[in-house]
Every structure is written in structure tokens, then in C-alpha cells.
Amino acid sequence: MTQQYIEQFISQALSEDLGRGDLFALIAPDRSVKASVVAKEDGIFSGAVYAQALMKHFNIHIIRMHNDGEFFSQGAHLCDIEGSYIYILQLERVLLNILAHSSGIATLCAAYMAQIQDISIKLLDTRKTRPLLRELEKYSIRNGGGCNHRFGLDTMLMLKDTHLSHIGNLCEIISTARERLPFMCPIEVECENLAYVKEAISAGADVIMCDNMSVAQVREVVAYRNATAPHIVLEASGNITLENIRAYALSGVEALSVGSLIHQARWLDLSLKIK
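Residues numbered from 1 in each chain as written. Predicted model: local features only at pLDDT ≥ 70, side-chain atom pairs only at ≥ 80, totals over all residues. Heavy atoms only, no water.

### Brief notes about the sheet that holds strand E3 (residues 61-65)
Two modes of strand pairing occur in sheets, parallel and antiparallel, and in both the strands are linked by backbone hydrogen bonds.
Move 1: Strand order in the open sheet made by the four strands is E3-E5-E1-E12, with antiparallel pairing throughout. A strand with exactly one partner marks an edge of an open sheet, and here the two such strands are E3 and strand E12 (270-274). Pairwise comparison of adjacent strand axes, ignoring direction, gives a mean angle of 20 degrees for this sheet.
Move 2: Examined bridge by bridge, E3 and strand E5 (residues 77-84) share four bridges and lie antiparallel to one another. (Pairing = 2+ DSSP bridges. Helix = DSSP H or I, 4+ residues; strand = E, 2+ residues; numbered from the N terminus. Axes fitted to C-alpha atoms, helices over the stretch in contact; angles between N-to-C directions.)

Structural data, given as C-alpha cells:
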């Protein structure tokens, strides 16, 4: 995530909201004011780099702001700012939208992490992100203590069920991939049962995704991997919830990928108050 991307994102968000111009600015006198973003519930703060770019765009002074990944309680001032009354009103909705969405993802991710914090395992997101918001949403995952899976189809080769149904011989397709893909490009294969795990390992996969398997099935896969191919990385995914994540984490896999970290995250209730 580059500064150029953040600034472009902010510019597009403002263009969407301001349209041809703020009508209130045509009728109201401007003055310098102080304002605060106030939390109406507990959470994990996320969105600082976007907020900083937004303030810079309007030349608004940041008096104080929470750090990304920092816990806050209801009533906390997440961001105290000072500057043009008109400009603060113009940035208000974009600022709150970003912080509420980003902090909501970070807060849910942190709740999942709290269930497995004593276990050596990676909690990953997925590509189930809102169109054009992937950078923001994956950044929010990191602020909640999670890790990012691939950013797109160009990051690694993952052969899912929709690929596997038409590619023919798995060994041949992986062999072709080794010849054509960049050196050290990982290859992951999605597997629904132990039989296909054995085939994927034999074909030369680097990573096996245990897709929609029960905890008991995942343990079988771990036992087989440990005995026959300890270099293989195992990932479990599908129907992992706050209630069962610990059981999956204790199964022996190296990673858990959970799409709901993003697509089920709830916006936090935040408001901007002008003093």
C-alpha cells in the first residue's frame, strides 16, 4: 500500500461525496474550529494512514490520534483535529466511513485472534473483499492482528475446485506451472478430503488448503502430512467461526483463512463532534 494509492483513494472518495461542490459552503462563513471523532462503543482503531492523508488534503491539523491496532473504549476521542469549519464538515462523512469500516474489520479480527493468541498459527483473510476496497480491508486485517493471504490472482497460483474440475491431470498442470511461473511462486491446491490431499502432495503442491473439512478430517490430513511430507504447508478454510476456531487452530495446520473477517465485519458506531 503506497502513499500514492492512499491519496488517490481519498481523492476518489471525496469526489464521490462532494460532487460538484458543497452547497453549505456557499451560504456559511468559515472559521477555525476543533473537532473530535468519538467512539460510541469499544473497538480496535484502524484507518490512521487514511485519516492522515485526508487531513493533509484539507490542511487540517491533527492534535492527537489513536494508533492503528490500538484498543479504545466507548467515549474515547479517536482523533482530535483543528482547522477550517467548512473543510471539517466536508471531510466528515468520508473520514467516518473509513474509520468505522476499517476499525470494524480490525475489531472482529482481534476477536478471532483472542481465541488463538497462545497458538503458533497464522490467521489469514481471503479475496472476499468489496470491489476496489481490497487494500483498505486487508490493511484493516493487519491492524487487527491477522495476516494477509494473496492480494490477487497474480500473487500465487491457487487451484480451487472450479479449476480442478476442468484441468485434467493435476500432476501435469503443476509441472507446467513450475516451467512457466516465476521462480519461488507458491502453488496451493484446494482439497476436500484426504484422498485428494494425497494426490495434491504427490503432484508437487507447496500448500494444501483443507476446504470445508471437519476438525477430525483436518487432523487426519495433518497426521498424513507429518508422516509423509512434512515440508508441505497446511491451511484450513471454510465454516470457521469464533466458536470453533480454537479447535481448528489446535489441529496442527499452519494457517486458518476466514473470509468472514471482512465480509461479516460490522461497522463501528463513531461520530464527529465539533466543539
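### With respect to the nonpolar core
Move 1: If you look at the biggest cluster of nonpolar residues, it comprises 43 residues, and the most contacted ones within it are Val 189, Ile 208 and Leu 256.
Move 2: Here this core takes five residues from helix H3 (residues 85-116), the largest share from any one element.
Move 3: Leave out the neighbours within four places in its chain, and Ile 208 touches Glu 188, Val 189, Cys 191, Val 197, Ala 200, Ile 201, Ile 232, Val 233, Leu 234 and Glu 235. (Core = buried A, V, L, I, M, F, W, Y, C linked by side-chain atoms within 4.5 Å. Buried < 20%, exposed > 50% of the residue type's maximum accessible area, 1.4 Å probe, protein only. Contact = heavy atoms within 4.5 Å.)

### Concerning the sheet that holds strand E6 (residues 122-124)
Move 1: With parallel pairing, the six strands of this open sheet are ordered in space as E6-E11-E10-E9-E8-E7. In this open sheet, the two edge strands, each paired with only one partner strand, are E6 and strand E7 (157-159). On average, each strand axis in the sheet is tilted by 25 degrees relative to the strand beside it, whichever way the strands run.
Move 2: For E6 and strand E11 (residues 255-257), the ladder comprises three bridges, and the chain directions are parallel. Bridging across to E11, Leu 124 finds its partner in Ser 257.
Move 3: Contacting E7 and strand E8 (187-191), helix H6 (residues 170-180) crosses the sheet at an angle of about 160 degrees to E8.
Move 4: Strands E8 and strand E9 (207-211) of the sheet are contacted by helix H7 (residues 194-203), whose axis makes an angle of about 165 degrees with E8.

### Concerning the side chain of Thr 129
Move 1: Assignment of secondary structure puts Thr 129 in the loop between E6 and helix H4 (134-143).
Move 2: Side-chain polar atoms of Thr 129 contact the side chain of Arg 134, separated by 2.9 Å.
Move 3: With sequence-adjacent residues up to four places away left out, Thr 129 is seen in contact with Arg 134, Glu 137 and Ile 262. (Polar contact = N/O pair within 3.5 Å; in protein donor to acceptor, adjacent residues only side chain to side chain.)

### Considering the domain arrangement of the chain
Note: interface size is frequently given as the accessible area lost on complex formation between the parts.
Move 1: Parsing the chain into structural domains produces domain 1 (3-113 + 265-274) and domain 2 (118-264).
Move 2: A separation of 35 Å is found between the C-alpha centroids of domain 1 and domain 2.
Move 3: At the junction of the two partners, domain 1 supplies 24 residues and domain 2 supplies 24 residues.
Move 4: Overall, the association of domain 1 and domain 2 removes approximately 1900 Å² of surface from exposure, summing both partners, and the carbon and sulfur fraction of that is 66%.
Move 5: At the boundary of domain 1 with domain 2, the tally comes to zero salt bridges.
Move 6: Across the domain 1-domain 2 interface, the total number found is 10 residue pairs in polar contact (both at pLDDT 80 or more).
Move 7: Those elements that provide at least two residues to the side of domain 1 that touches domain 2 are helix H1 (3-18), helix H2 (48-58) and H3.
Move 8: For the side of domain 1 that touches domain 2, the per-class residue count stands at 17 nonpolar, five polar and two charged. (Domains from an automatic or database assignment. Buried area = accessible area lost by both parts, 1.4 Å probe. Salt bridge = Lys/Arg side-chain N within 4 Å of Asp/Glu carboxyl O. Nonpolar A, V, L, I, M, F, W, Y, C, P; charged D, E, K, R; others polar.)

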